[in-house]
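# Secondary and tertiary structure notes
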Amino acid sequence: MTAESGRVPPGAPVVELRDATVRVGRRVIWSDVSVAIAPGEFTAILGPNGAGKSTLLKVLLGMLALESGSARVLGAAPGVHRDAIGYLPQHRDLAAAGRIQGREIVRLGLTGAHWGIPVPIVGRRRRRDESGRIDEVLDLVDARAYADRPFGELSGGEQQRLLIAQAVVRHPALLILDEPLDSLDLPNQAAVVRLIREVCSAQNVAALLVAHDVNPLLPALDHVVYVANGRASQGPVREVITTANLSDLFGVPIEVLSTSDGRLVVVGQPEAPHHHGHRHEYQGRE
Amino acid sequence: MTSPSASWNPVWDLRQLLAYPFMVQAFAAGTIVAVLAGAVGWYMVLRRQTFAGHTLSTMAFPGAAAGLLFALPGALGYYLACGVAAVVLARRPDAHDSQGGIQSARIGTVQAVGLAVGFVLLAMSHGVLGGLDGLLFGSFLGVTDTQVWVLAAAAAAILGILVVVGRPLLFASLDPEAAAARGVPVRTLEIGFMLVLGVTVAAATQITGALLVFAVLVSPAATAQRVAGRPIASMVLSVACAVMIVWLSLACAYFSPFPLGFFTTTFAFLAYAAARWGRLPRRRAGAAVVA
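Thresholds applied
Numbering of residues starts from 1 in each chain and follows the order in which that chain's sequence is written. Chains carry letters and ligands carry numbers; both start at the beginning, A for chains and 1 for ligands, and go up in the order they are written. For this predicted model, a pLDDT threshold of at least 70 governs which residues receive local features, and a threshold of 80 or more governs which side-chain atom pairs are given and counted, while totals over whole chains, interfaces and linings are taken from all residues. Secondary structure elements follow DSSP: runs of H or I of four or more residues count as helices, runs of E of two or more count as strands, with numbering from the N terminus. Contacts are defined on C-beta atoms placed from the backbone: any two residues whose C-beta positions lie within 7 Å are in contact. Each residue is classed by its C-beta neighbour count within 10 Å, where at least 20 other C-beta atoms makes it buried, 12 or fewer makes it exposed, and intermediate counts make it partly exposed; the C-beta atoms are placed from backbone geometry. Axis definition: a line fitted to C-alpha atoms, limited for helices to the stretch in contact. Angles are taken between N-to-C directions and run from 0 to 180 degrees. For classification, angles of less than 35 degrees are called roughly parallel, those exceeding 145 degrees roughly antiparallel, those between 65 and 115 degrees roughly perpendicular, and all remaining angles oblique. In this scheme, a crossing is called left-handed if the near helix is turned counterclockwise away from the far one by less than a right angle; it is called right-handed if the turn is clockwise. Under this grouping Gly is polar, as are all residues other than the nonpolar Ala, Val, Leu, Ile, Met, Phe, Trp, Tyr, Cys and Pro and the charged Asp, Glu, Lys and Arg. Each nonpolar core reported here comprises buried Ala, Val, Leu, Ile, Met, Phe, Trp, Tyr and Cys residues connected via C-beta atoms within 7 Å. By definition, two strands form a pair when at least two bridges between them are found by DSSP. Whether a crossover is right-handed depends on one test, that the path from the first strand over the helix to the second runs clockwise when the strands point away from the viewer. How far a helix is expected to stretch is found by multiplying one less than its residue total by 1.5 Å. One confidence number per residue, pLDDT, is output by the predictor and ranges from 0 to 100.

Another point: the overall build of chain B. From N to C terminus, chain B includes 15 helices and zero strands. Considering only residue pairs separated by 6 or more positions, chain B has 76% of its internal contacts joining residues 24 or more positions apart.

Structure representation (structure tokens):
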């Protein structure tokens, strides 16, 4: 049950897809995809709506089988090392949580999947260890100040920090995040990206995230996987994020500019955050 | 027999209350139902399945009618009708039904069909459904020994199940996607919970009646969830609240000419109102229960 079971030997990829093809119903979502992600790497999955970004995550989580090719996650078939993966689903409505404390939402990530209830007296020590670990991740995401407040009363940014804490509380070796910047304002987007980057470096966790808008991610990214037109490929940021590449990928003119301090800015991408409203509904069913 | 009257001496009142075996039975059955409904109702409210719970409670009518027509023993008709309805309601939800609109329309349809089936069964039996008042609004008179034992057995089984699946069910109820990714069998829990809810409702309606079952199924849970911040504290509060409501209303119904259902709903409403509008409980008592 420990995350250690999912540690890969040094140098081996955390995620490896080889010539993978996925079919949902009669439709081939993408085919012949090969991707490799090394431990501690920060990778973004980009691509137009409906290209199969969330499908890729589902394959890695073991919730969707490949039609052909092979997939290895943490050195085993997808779904084997579930306990060593921290997963942050897209656009969650935890309104039911209402007055449940933020800390309890984090606790779900730690013990929520355990059967039975803790034995009152014998389990006291374990309970203390649990609380200690929860305090640790709350400090990591800087959420200690509001962790005891009702989850439903927190802001979107605060909720997202707690959900990230929930995803990392079991010391995962791989963090999978589906649109973690969705519905956050710009300062919070930047802060969450910084936070994920910190978690990756501090605990040598590989992070794989799907995003609409690549700009807030650019300062932190190591690699990009882009999914479009039934294909997916992977490369370092400087190779993939180019004017020619992105225009081709999205099918509309996109410019990649370089600022004076060497940072990249993507202009004119169709995934700009102000269209959000409609898009989630379709995005969810990719 | 003169009608009993309260004396303001609690010890004497309690003695009076428990002097008759039928009141002891009523307290036993009522307590079992309250504990069960407080715990299962807590999950039902959390999962926003109140409408499904309501539909299951109306299955008391076809259940009672089937019992009459086929001469089923005891409350078997209730359990069967609720069980069948629960299986139907637990069908896989529509993939495109993110707002639950299709699901609630389906629940409404099941409710109408269930009531119609009850009506047909009643017509076929050429009978008159005795104790219609009790069926709709509950009754604490004439609770039999067997009934108490069946209730106790059902409650023990369901509480045992809840102890085992409690945490994964909480995870699956609050955050189904994250739970599924961690290997929690979300779908199995969904079906299982609907069955548990069906049995609970069948058990509770025997005491509270089909229409007033919510006084113990919804109100205590909704009250607790407004106040407490930790799931365990919240659930304990829900059960305690349901038990208090039942005890108080049994006592009041015994000493007054008014029916039981009036008191259960009144106390349930007062508890909810206190949690909802009470200035003090919302901020301070919330923190106290949490700590």
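To continue, consider the overall build of chain A. Across its full length, chain A holds eight helices and eleven strands. Counting across all 286 residues of chain A, residues that qualify as buried make up 45%. Intrachain contacts of chain A at a sequence separation of at least 6 include 70% that bridge at least 24 residues.

All right, on to the packing of helix 12 (residues 219-227) of chain B against helix 13 (residues 231-255) of chain B then. The relative placement of two packed helices comes down to the angle between their axes together with the axis-to-axis distance. Residue and element names in this part refer to chain B. Here helix 12 crosses helix 13 at 140 degrees, and the two axes come no closer than 8 Å. Comparing the axis directions of helix 12 and helix 13 gives the class oblique. Crossing handedness for the pair helix 12 and helix 13: right-handed. Residues Pro-220, Ala-221, Thr-223, Ala-224, Gln-225 and Val-227 of helix 12 form the contact with helix 13, whose own contacting residues are Ser-234, Leu-237, Ser-238, Cys-241, Ala-242 and Ile-245. For the contact of helix 12 with helix 13, the residue count by class is eight nonpolar, four polar and no charged.

Membership of the largest hydrophobic core comes to 182 residues, with the highest contact counts inside it found for Leu174(A), Val33(B), Leu36(B), Cys82(B) and Val216(B). The element that contributes the greatest number of residues to this core is helix 2 (residues 21-46) of chain B, accounting for 17 residues. Discounting chain neighbours no more than four positions away, the residues touching Val216(B) are Val33(B), Ala34(B), Ala37(B), Gly38(B), Gly41(B), Ala204(B), Thr208(B), Ala242(B), Ile245(B), Val246(B) and Thr264(B).

All names here are of chain A. The three strands are arranged 2-1-4 in an open sheet whose pairing can be described as antiparallel. The strands lining the two open edges of the sheet, one partner per strand, are strand 2 (27-37) and strand 4 (68-73). Taken over all neighbouring pairs, the strand axes of this sheet differ in orientation by 30 degrees on average, direction set aside.

Attention shifts here to the sheet that holds strand 9 (residues 231-236) of chain A. Residue and element names in this part refer to chain A. What the six strands build is an open sheet, ordered 5-6-7-3-8-9; its pairing is mixed. Where the open sheet ends on each side, the last strands, each with one partner, are strand 5 (85-88) and strand 9. Taking the axes of each pair of neighbouring strands and ignoring which way they run, one obtains an average angle of 15 degrees across the sheet. Pairing of strand 3 (residues 42-46) with strand 8 (residues 223-228), which is carried by four bridges, proceeds in the parallel orientation. Across the sheet, residue Ile-45 finds its bridge partner in strand 8, namely Val-225. Relative to the sheet, helix 4 (residues 156-168) contacts strand 5 and strand 6 (174-178), its axis offset from that of strand 5 by approximately 155 degrees.

Quick look at the packing of helix 4 (residues 60-69) of chain B against helix 5 (residues 76-89) of chain B now. All names here are of chain B. Here helix 4 crosses helix 5 at 130 degrees, and the two axes come no closer than 7 Å. Judged on the interaxial angle alone, helix 5 and helix 4 are oblique. Where helix 4 crosses over helix 5, the handedness of that crossing is right-handed. Taken together, the residues of helix 5 that come into contact with helix 4 (itself represented by Ala-60, Pro-62, Gly-63, Ala-64, Ala-66 and Gly-67) are Leu-76, Gly-77, Tyr-78, Leu-80, Ala-81 and Cys-82. Looking at the contact of helix 4 with helix 5, its residues break down into nine nonpolar, three polar and no charged.

Interface size is often expressed as the accessible area that is lost when the parts come together. In this assembly, 23 residues from chain A lie in contact with 27 residues from chain B. Among the elements that take part in the side of chain A that touches chain B, helix 2 (residues 102-111) of chain A stands out by supplying three residues, more than any other. Class assignment for the residues of the side of chain A that touches chain B results in 13 nonpolar, six polar and four charged.

All names here are of chain A. The phi torsion at Asp-19 lies on the positive side, around 45 degrees, for a residue other than glycine. Inspection of the secondary structure puts Asp-19 in strand 1 (residues 15-24). We note that Asn-229 has phi near 50 degrees; this positive angle belongs to a residue other than glycine. Tracing the chain through its elements places Asn-229 in the loop between strand 8 and strand 9. Given 12 C-beta atoms within 10 Å, Asn-229 falls into the exposed group.

All right, on to the pairing of strand 1 of chain A then. Residues and elements named next belong to chain A. One ladder, built from seven bridges, connects strand 1 with strand 2; its direction is antiparallel. Along strand 2, the bridge assignment pairs Val-24 with Arg-27. Where strand 1 folds back on strand 2, the antiparallel hairpin that results is connected by two residues, among which Gly-25 adopts a positive phi of roughly 65 degrees. Alignment of strand 1 against strand 4, held across five bridges, turns out to be antiparallel. Across the sheet, Val-15 pairs through a bridge with Val-73, a residue of strand 4.

All names here are of chain A. Burial analysis of strand 6 places five of its five residues in the buried class, which makes it a mostly covered element. Alternating residues of strand 6 divide into Leu-174, Ile-176 and Asp-178 and Leu-175 and Leu-177, and every residue in both groups is buried. Bridge count for strand 5 against strand 6 is four bridges, and the pairing is parallel. Pairing of Tyr-87 across the sheet is with Ile-176, part of strand 6. One ladder, built from five bridges, connects strand 6 with strand 7 (residues 206-210); its direction is parallel. What sits directly across from Leu-177, in strand 7, is Leu-209. Where the polypeptide runs from strand 6 across helix 5 (residues 186-203) and back to strand 7, its parallel neighbour, the crossover connection is right-handed.

Here the focus is helix 10 (residues 186-208) of chain B. Residue and element names in this part refer to chain B. The terminal C-alpha atoms of helix 10, which comprises 23 residues, lie 31 Å apart, in line with the 33 Å expected from a rise of 1.5 Å per residue. Summarising burial for helix 10: 17 of the 23 residues are buried, a large majority. One or two steps after helix 10, the chain reaches Gly-209, where phi turns positive at roughly 85 degrees.

We now examine the confidence of the model for chain A. Low pLDDT means the predicted atomic positions in that stretch should not be read closely. Residue-level pLDDT values for chain A average 81, and 86% of them are 70 or greater. Taken as a whole, residues 272-286 of chain A scores under 50 in pLDDT and shows 15 contacts with residues more than four places along the chain or in a different chain.

Residue and element names in this part refer to chain B. Mean pLDDT over chain B stands at 85; residues scoring 70 or higher make up 90%. Taken as a whole, residues 281-291 scores under 50 in pLDDT and shows 18 contacts with residues more than four places along the chain or in a different chain. The ipTM assigned to the predicted complex is 0.81, against a pTM of 0.85.

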